[in-house]
Structures are given as structure tokens and as C-alpha cells.
Amino acid sequence: MLYLSLNPNLLIYVASRQIQEDEIVEDYGKLSVPFAVDRSFFYQKDALAMVTALFQSLPHYPSMSWEELALSLPPTLLTYTLSPEPIPQWIDRIRFGETYIEALSKKNYTLEKGYLTIWYDPKILDLFVQAAKNCGFVLQKITSGFINAINAINMIYDTKNYDKFSLLKWDSFYSELALFKKNILTGYLCFRINQSKLLPLNINGDIPENLSEILDTDNLTENLYKTLGPIFLYSHQVVDSDPLEPFKKFGFCEIINPWTGLRIDTKQRENFSELSSAERSLWTETAGFITRESL
């Protein structure tokens with residue numbers, strides 16, 4: 001199976017094979033994405049051709065021995081809703097200009113308290129399916145990178161014993177924060193940081209009002225822990241410096257190593273050992289996809 005995690009600037013991939021009862025990672029890497037990963041792009045005439053070309057740029061294509069794909073999507077293509085009651089059916093369409101032209105698909109997760117709903121655009125899903133088909137792949141599953149990142153945490157850490165904790169994706173395009181209390185998702189925020197100001201793009205549930213202050217990387221303090229609890233970090237930035245460096249001085253900020261518990265093929269071990277902790281964290285969403293989807 002080839003696992004892909006799409007982000008506004010990167011396509012992260014992991015190729016693994018089931019050998020007896022073990023999942024063996026045989027290849028992994030990242031590709032630049034040459035188009036805007038937002039909903040409007042997928043309504044352009046050349047969208048299918050460009051997504052097809054991206055899939056064709058995967059290493060070893062067309063002789064790739066993996067025929068099945070699993071794809072996770074970024075918050076630019078999804079909407080999340082946390083609510084105490086099921087979401088009404090009328091909130092199910094995308095507006096472009098003055099008209100509603102595309103109905104959304106919903107996937108509901110029942111939480112111990114309330115519901116998490118993830119909204120997908122069927123037109124975008126169908127385009128990915130067709131692009132994969134154009135390359136000879138079968139797209140088996142499409143889900144949310146956010147859910148896969150939670151899977152990675154659940155695989156590695158015993159979070160059920162935490163009073164509260166947070167998952168933070170620190171990204172130069174769109175960051176994400178998930179808040180948990182007693183292992184229950186209580187808040188979700190997708191945001192950008194612009195001149196030390198936090199600009200919320202999608203906010204649901206119980207989110208602290210002072211996030212701009214406590215997430216100012218020029219002046220991080222212990223208030224991080226008081227507000228967010230233990231923080232599990234990962235990043236999708238590609239920069240010369242380490243984007244997670246400001247958080248490293250705090251013992252309660254843990255950079256996720258998504259490869260924990262996964263077996264790496266011997267041919268890949270040397271390259272894998274040379275990755276920094278921040279570089280390894282790039283695969284948090286993709287590696288969390290390998291096992292199962294849960295919440």
C-alpha cells in the first residue's frame with residue numbers, strides 16, 4: 001500500500017508491505033506540490049491533469065509495485081465541526097460566489113461527549129479517484145490528516161492517563177491544534193500566524209482565548225503547559241532552520257516520532273537514521289494512516 005498525505009506545499013508518502021503479520025516500510029519521501037491545495041483549484045479545468053501529473057511524479061512510477069493508494073487531506077480541503085448534537089442536514093453545501101453549487105459529504109465520529117463531523121467535497125474526492133485511476137492506482141481510502149495524526153499519538157503514548165493534552169501541527173501555511181481532556185476531543189482550531197497574531201480559519205469547541213499570546217514563539221513560557229497540557233508536536237514546514245526549535249526547551253513539548261513501532265526495511269534504515277526529529281515528524285499523518293482509523 002502507498003500512503004499519501006497531501007499538504008499545501010508537500011506530498012508526503014510512505015510505501016509499506018505486509019509480510020506475514022508485520023507491516024514493513026519499504027520507501028518514504030516527499031514531493032513538492034506545484035499547485036494551490038484549496039477547494040477552488042479543484043474546480044479549474046486543468047485540475048485533473050495536474051493531480052495526475054503529481055501522482056506520476058512519485059518515485060519508481062510507472063514500475064511501482066504498489067497498486068493501492070490511501071490519501072489523507074489537509075484542512076484547506078476539509079471542514080471540522082464539534083457539536084453536542086448531530087449537525088443539521090442543511091449545513092451541507094459549498095458556496096462559490098452567490099450560488100451553492102456542490103453538496104458536501106459528511107463523516108461523523110461519535111465522541112463520548114458530542115460529535116465530530118468532517119466535511120468532504122465529493123467533486124474533489126472524485127477527482128482524486130480519477131487521477132489515481134489514470135496512473136493505474138486504486139484509491140482505497142480518503143480521510144483526514146488530522147485523524148491520522150491522532151492515530152499516531154494513540155499508538156505511541158498512553159494518553160488515557162492524561163488529564164489533558166494537545167496535538168499541535170506547526171505549519172507555515174495552516175497550523176492545527178486539537179485539545180483533549182480525559183482523552184476526549186474538546187476543541188479544534190485551524191489557524192495561521194501573521195506578525196505574531198493568530199488568525200483562526202476553522203474553530204470549534206473549547207479553545208482558549210489567549211492562544212496568540214502563549215503561541216508567540218519569540219516569547220514562549222510555561223503558560224503553554226498551564227493552558228494546553230503536554231503538547232505533541234509535528235511540522236510540515238520545509239525551511240533551513242528547525243521550525244520546532246522554539247518548543248524544544250520545554251520538557252512537556254514532545255516532537256512525535258511517527259516511526260515508533262514501525263519496521264523499516266534495511267535498505268532505508270541508513271537514510272532514516274540521518275533524519276532530525278523535526279524531519280521525522282513530517283510523516284506523522286502518513287505513518288498514523290498505516291495502522292487504522294480511530295478517534
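These remarks concern the structure in this document.

About the thresholds
- Residues numbered from 1 in each chain as written.
- Predicted model: local features only at pLDDT ≥ 70, side-chain atom pairs only at ≥ 80, totals over all residues.
- Heavy atoms only, no water.
- 1 Å grid on protein atoms, 1.4 Å probe; cavity = no way out; pocket = protein on both sides within 12 Å on 5 of 7 lines; lining within 4 Å.
- Points joined across faces, edges and corners; volume = space filled by probe spheres on them.
- Nonpolar A, V, L, I, M, F, W, Y, C, P; charged D, E, K, R; others polar.
- Pairing = 2+ DSSP bridges.
- Helix = DSSP H or I, 4+ residues; strand = E, 2+ residues; numbered from the N terminus.
- Axes fitted to C-alpha atoms, helices over the stretch in contact; angles between N-to-C directions.
- Contact = heavy atoms within 4.5 Å.
- Buried < 20%, exposed > 50% of the residue type's maximum accessible area, 1.4 Å probe, protein only.
- Core = buried A, V, L, I, M, F, W, Y, C linked by side-chain atoms within 4.5 Å.
- Domains from an automatic or database assignment.
- Parallel < 35°, antiparallel > 145°, perpendicular 65-115°, else oblique.
- Left-handed = near helix turned anticlockwise from the far one by under 90°.
- Phe/Tyr/Trp six-rings, centres within 6.5 Å; stacked < 30°, edge-to-face > 60°.
- Expected span 1.5 Å × (residues − 1).
- Arc of directions from axis to C-beta.

1. Quick look at empty space enclosed by the protein
Using a probe with the size of a water molecule, rolled over the atoms, empty space left in the structure can be pinpointed. This model, assessed by the stated rule, comprises 1 cavity of 30 Å³ or more. Estimated volume of the largest cavity: approximately 40 Å³. Along its surface, the largest cavity is lined by Leu2, Tyr13, Ala15, Asp27, Leu58, Pro59, His60, Met64 and Trp66. A breakdown of the residues in the lining of the largest cavity according to their chemical character gives 7 nonpolar, 1 polar and 1 charged.

2. So, the sheet that holds strand β8 (residues 105-110)
One open sheet accounts for 3 strands, arranged β5-β9-β8; its pairing is antiparallel. On the outer flanks of this sheet lie β5 (79-83) and β8, each paired with one strand and no other. Across the sheet, the mean angle from the axis of one strand to that of its neighbour is 20°, orientation sign disregarded. Summarising the sheet, β5 and strand β9 (residues 115-120) pair through 5 bridges and their orientation is antiparallel. Looking at the pairing, Ser83 lines up with Tyr115 of β9.

3. As for the sheet that holds strand β13 (residues 184-194)
What links the strands of a sheet is backbone hydrogen bonding, and the strands pair in either a parallel or an antiparallel sense. Read from one edge to the other, the open sheet built from 6 strands follows the order β14-β13-β12-β11-β15-β16, with strand pairing classed as mixed. Each edge of the open sheet carries a strand with a single partner, namely β14 (197-205) and β16 (253-255). The average undirected angle you get between the axes of adjacent strands in this sheet is 20°. Each of β11 (164-170), β12 (175-181), β13 and β15 (231-235) is contacted by helix α3 (residues 145-156), which is oriented at about 130° to β11, the strand it contacts most.

4. Here we look at the side chain of Ser83
On the secondary structure map, Ser83 appears in strand β5. Ser83 sits in the buried class, given a relative accessible area of 13%.

5. Regarding the nonpolar core
Ranked by size, the top nonpolar core spans 56 residues in total, and within it Leu6, Leu116 and Phe128 carry the most contacts. Per-element tally for this core: the top contributor is helix α2 (residues 122-134), with 6 residues. Composition of this core by domain shows at least three residues from each of domain 1 (2-77 + 121-287) and domain 2 (79-117).

6. Examining the packing of helix α1 (residues 47-56) against α2
Running from amino to carboxyl end, α1 crosses α2 at an angle of 50°, the nearest separation of the two axes being 9 Å. Here α1 lies oblique to α2, going by the angle between them. As α1 packs across α2, the resulting crossing turns out to be right-handed. Across the interface between the two elements, Ala47, Leu48, Val51, Thr52 and Phe55 from α1 touch Leu127, Phe128, Gln130, Ala131, Ala132 and Asn134 from α2. Classifying every residue of the contact of α1 with α2 gives 8 nonpolar, 3 polar and no charged.

7. Re the packing of aromatic side chains
Under the defined criterion, the tally for this structure stands at 18 aromatic pairs. Ring geometry for Tyr80 versus Phe146: centroids 5.1 Å apart, planes at 70°, classification edge-to-face. With Tyr80 in strand β5 and Phe146 in helix α3, the pair connects residues that are 66 residues apart, well separated along the chain. Of the residues examined, Tyr80 reaches a relative accessible area of 2% and is grouped as buried. Between Trp259 and Trp283, the ring centres sit 5.8 Å apart and the planes meet at 55°, which makes this aromatic pair tilted. Here the residue Trp259 occupies a position in the loop between β16 and β17 (263-264), and Trp283 occupies one in the loop between α7 (277-280) and α8 (284-291), the gap between them amounting to 24 residues. Each member of the pair, Trp259 as well as Trp283, carries the same accessibility label: buried. Taken together, the aromatic side chains of Tyr157, Tyr162, Phe165, Phe180 and Phe232 make up a single cluster linked through ring pairs.

8. Describing the environment of Gly136
Locating Gly136 in the fold gives a position in the loop between α2 and β10 (138-144). Classification of Gly136 by relative accessible area gives exposed; the value is 53%. Taking the C-alpha atoms as reference, Gly136 lies 7.0 Å from Glu67; in sequence the two are 69 residues apart.

9. A word on α2
In a regular helix each residue adds 1.5 Å, so 13 residues correspond to 18 Å; α2 covers 18 Å between its end C-alpha atoms and thus fits that length. Turning to α2, its buried residues are Ile124, Leu125, Leu127, Phe128, Ala131 and Ala132. Projected onto a plane normal to the axis of α2, the buried residues spread over an arc of 160° and lie on a single side. Facing away from the buried surface of α2 by more than 90 degrees, the exposed residues are Asp126 and Lys133. Each element contacted by the buried residues of α2 is listed here: β1 (2-6), α1, β4 (68-73), β9 and β10.

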